[in-house]
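Geometric and topological summary
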Amino acid sequence: MTANLLEFDLEGLAVFCEGLGEKRFRATQLFRWIHQRGASDFDQMTDLAKSLREKLKTSAHIAALPVISQHASADGTIKWLFDVGDGNAVEAVFIPEDDRGTLCVSSQAGCAVGCRFCSTGHQGFSRNLSTAEILAQLWFAEHFLRKHLNTDGRVISNVVMMGMGEPLQNYSALVPALKAMLDDHGYGLSRRRVTVSTSGVVPMIDRLAQDCPVALAVSLHAPFDDLRDNLVPLNRKYPLDELLQACTRYLAAAPRDFITFEYCMLDGVNDQPEHAHQLIDLVRKHGHDGLRCKFNLIPFNPFPASGLLRSPLARVQSFAKILSDAGLVTTVRKTRGDDIDAACGQLAGDVKDRTRVQDRIALQRTIPLVPVAADSL
Ligand code: SAH
Ligand code: SF4
């Protein structure tokens, strides 16, 4: 087995090149070919010495993940389902907006946290993705979209680790992937435009602050421990007080001066006015002016096994108003791509359910894969 070069951040690639008896700066050239130009064939890399290209051919490869399906939503959202072997699949979702292009990336096949309202959580945990499997989602999407949109410029300006899985439970693979996203020789994304979303793995929040501080989103979903224990089982290990203290510590290193709190609005469960007031108290308790944060209310995206319902819009809006009136910046997330099950928490890596896939194809516009299709690489 040769090494998949998508497995490395620039430092890792430099070590790999040194192992081949090459100077470290060659790694920079190679890294740029891979991530900035989307090259997968060493013969394309004409400014590398032929001898190096020959060495690379025998010791390395650059491989994306096979694409099982691709769906485009009426709103421009595109969802890819990637095969990661052994019957597992993960999803990535591209969300175009006027001023940015966001890719939502998966970190695990399944998830061990098991949140009640999350379809990935219901599916259980299969395995961690490797750095190459995390980065391959961005590598493929960026270069596919450039071809598809016929542009040389960067298409993806933001990455959110909000796909399948709990990124902070796959820390060692996550960090090199984040570093490649940030690297000027890689994707050159600013730290503010790369967001790790976590259900609250407290020790790893502290490590992320040390190793690779990027924007942080914390999935809160409840203002007190009893309710959160029930919705996000990880809360039994890292209760709210500990979690919010970790958020306050994180702010010292964070590229943004606030933490985003995500809050999934569940009908009759966590969406009452008293919950909003309890949230305000909770945030104020942590810090003189309160913990600097923004709230992002996510209307629940239902799926059959959850037994839960989405809060009515009027209730979401009055909840948002209580928070805003208390001085907390609050937004309600627009649901994107829900016609292709690409909305938050609907990502289940559903490969086996062919009938459903067929139904969706019949209903939707599918766009053809251009020649860069991963399985041809
Ligand atoms: N594991 C991480 C990141 C992936 S989930 C986390 O939990 O933060 C990304 C976001 O989608 C989280 O805020 C999560 O709470 C939310 N989410 C999960 N299931 C959802 C659903 N069915 N409807 C709406 N949001 C959901
Ligand atoms: Fe895992 Fe996040 Fe889903 Fe919870 S919400 S089960 S942590 S992916």
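Residues numbered from 1 in each chain as written. Chains lettered and ligands numbered in written order. Predicted model: local features only at pLDDT ≥ 70, side-chain atom pairs only at ≥ 80, totals over all residues. Heavy atoms only, no water.

**Some points on the overall build of the chain**
Along the backbone of the chain there are 12 helices and 14 strands. Across the 377 residues that make up the chain, the buried fraction comes to 57%. Long-range pairs, those at least 24 residues apart, make up 66% of the contacts in the chain between residues at least 6 apart in sequence. Carbon and sulfur atoms form 50% of the exposed surface of the chain, whose accessible area is close to 15,900 Å². (Helix = DSSP H or I, 4+ residues; strand = E, 2+ residues; numbered from the N terminus. Buried < 20%, exposed > 50% of the residue type's maximum accessible area, 1.4 Å probe, protein only. Contact = heavy atoms within 4.5 Å. Areas by Shrake-Rupley, 256 points an atom, 1.4 Å probe, with all protein chains shown as cover.)

**So, the site of ligand 2**
In the vicinity of ligand 2, the contacting residues are Cys111, Val113, Gly114, Cys115, Cys118, Gly121, Gly165, Glu166 and Ser199. Cavity membership is defined here by more than half of the atoms lying within 2 Å of grid points; on that basis ligand 2 lies in the largest cavity. Split by residue class, the shell around ligand 2 holds 4 nonpolar, 4 polar and 1 charged. (Near = heavy atom within 4 Å. 1 Å grid on protein atoms, 1.4 Å probe; cavity = no way out; pocket = protein on both sides within 12 Å on 5 of 7 lines; lining within 4 Å. Sits in = over half its atoms within 2 Å of the grid points. Nonpolar A, V, L, I, M, F, W, Y, C, P; charged D, E, K, R; others polar.)

**Some words on the side chain of Glu91**
Summarising the element assignment, Glu91 is placed in strand 5 (residues 88–97). Separated by 3.1 Å, the side chains of Glu91 and Lys79 make a polar contact. (Polar contact = N/O pair within 3.5 Å; in protein donor to acceptor, adjacent residues only side chain to side chain.)

**With respect to the sheet that holds strand 3 (residues 67–72)**
Taken in spatial order, the 10 strands of this open sheet run 3-4-5-6-9-10-11-12-13-14, and their pairing is mixed. This sheet does not close on itself; its edge strands, each paired only once, are strand 3 and strand 14 (329–332). Within this sheet the neighbouring strands show an average axis-to-axis angle of 20°, counted without direction. The sheet contact formed by strand 3 and strand 4 (residues 78–85) spans 5 bridges and is antiparallel. Paired with His71 across the bridge in strand 4 is Lys79. Packed on one face of the sheet, helix 5 (residues 131–149) meets strand 3, strand 4, strand 5, strand 6 (100–104) and strand 9 (158–161) and runs near 140° to strand 4. Along the sheet, helix 9 (residues 240–251) makes contact with strand 11 (215–219) and strand 12 (259–265), crossing strand 12 at roughly 145°. (Pairing = 2+ DSSP bridges. Axes fitted to C-alpha atoms, helices over the stretch in contact; angles between N-to-C directions.)

**Describing the packing of helix 1 (residues 10–19) against helix 2 (residues 24–36)**
Between helix 1 and helix 2, the shortest axis-to-axis distance is 8 Å and the interhelical angle comes to 125°. In terms of orientation, helix 1 and helix 2 fall into the oblique class. The hand of the helix 1/helix 2 crossing is right-handed. Each of Leu10, Glu11, Leu13, Ala14, Cys17 and Glu18 in helix 1 lies in contact with helix 2, whose residues at this interface are Arg24, Ala27, Thr28, Leu30 and Phe31. Tallied by class, the residues present in the contact of helix 1 with helix 2 amount to 7 nonpolar, 1 polar and 3 charged. (Parallel < 35°, antiparallel > 145°, perpendicular 65-115°, else oblique. Left-handed = near helix turned anticlockwise from the far one by under 90°.)

**As for empty space enclosed by the protein**
All chains considered together, the criterion is met by 1 cavity of 30 Å³ or more. A volume near 480 Å³ is recorded for the largest cavity. As for the largest cavity, its lining consists of 30 residues, of which Phe117, Cys118, Met162, Gly163 and Ser219 are closest to the centre. Mapped by element, the contributors of at least two residues to the lining of the largest cavity are helix 4 (119–123), strand 10 (194–198), strand 12 and strand 13 (293–299). Tallied by class, the residues present in the lining of the largest cavity amount to 15 nonpolar, 12 polar and 3 charged. (Points joined across faces, edges and corners; volume = space filled by probe spheres on them.)

**Focus on the site of ligand 1**
Around ligand 1 there are 20 residues in total, and Phe117, Ser197, Ser219, His221 and Asn301 lie nearest to it. At 2.9 Å from a nitrogen atom of ligand 1 is found a main-chain nitrogen or oxygen belonging to Gly165. Contact distances for ligand 1 include 2.6 Å between an oxygen atom and a side-chain N or O atom of Ser219. For ligand 1, the protein covers 96% of the area, taking 530 Å² as the surface of the free molecule. Given that more than half its atoms are within 2 Å of the pocket grid, ligand 1 belongs to the largest cavity. At the level of elements, strand 10, strand 12 and strand 13 are the ones that each hand at least two residues to the shell around ligand 1. When the residues that make up the shell around ligand 1 are grouped by side-chain class, the tally is 9 nonpolar, 9 polar and 2 charged.

**Focus on helix 5**
Between its first and last C-alpha atoms helix 5 spans 27 Å; for 19 residues at 1.5 Å apiece the expected length is 27 Å, and the two agree. The element helix 5 is largely enclosed, with a buried count of 16 among its 19 residues. Trailing helix 5 by a residue or two, Asn150 shows a phi angle of about 60°, which is positive. (Expected span 1.5 Å × (residues − 1).)

**Observations regarding unusual backbone geometry**
One non-glycine residue, Asp86, adopts positive backbone phi at about 50°. Phi at His221 takes a positive value of approximately 70°, unusual for a residue other than glycine. The residue His221 is located in the loop between strand 11 and helix 8 (225–231) in this model. Using a relative accessible area of 4% as the deciding quantity, one classes His221 as buried.

**Thoughts on the confidence of the model for the chain**
When pLDDT is averaged across the chain, the result is 90; 88% of the residues are at 70 or more. Confidence drops under a pLDDT of 50 for residues 351–377, and excluding neighbours within four residues, the segment shows 52 contacts in the predicted structure. (pLDDT = per-residue confidence, 0-100.)

**Topic: the pattern of salt bridges**
Throughout the structure, instances matching the rule amount to 18 salt bridges. Taken together, the salt bridges that share partners define one network made up of Asp43, Lys50, Arg53, Glu54 and Lys57. (Salt bridge = Lys/Arg side-chain N within 4 Å of Asp/Glu carboxyl O.)

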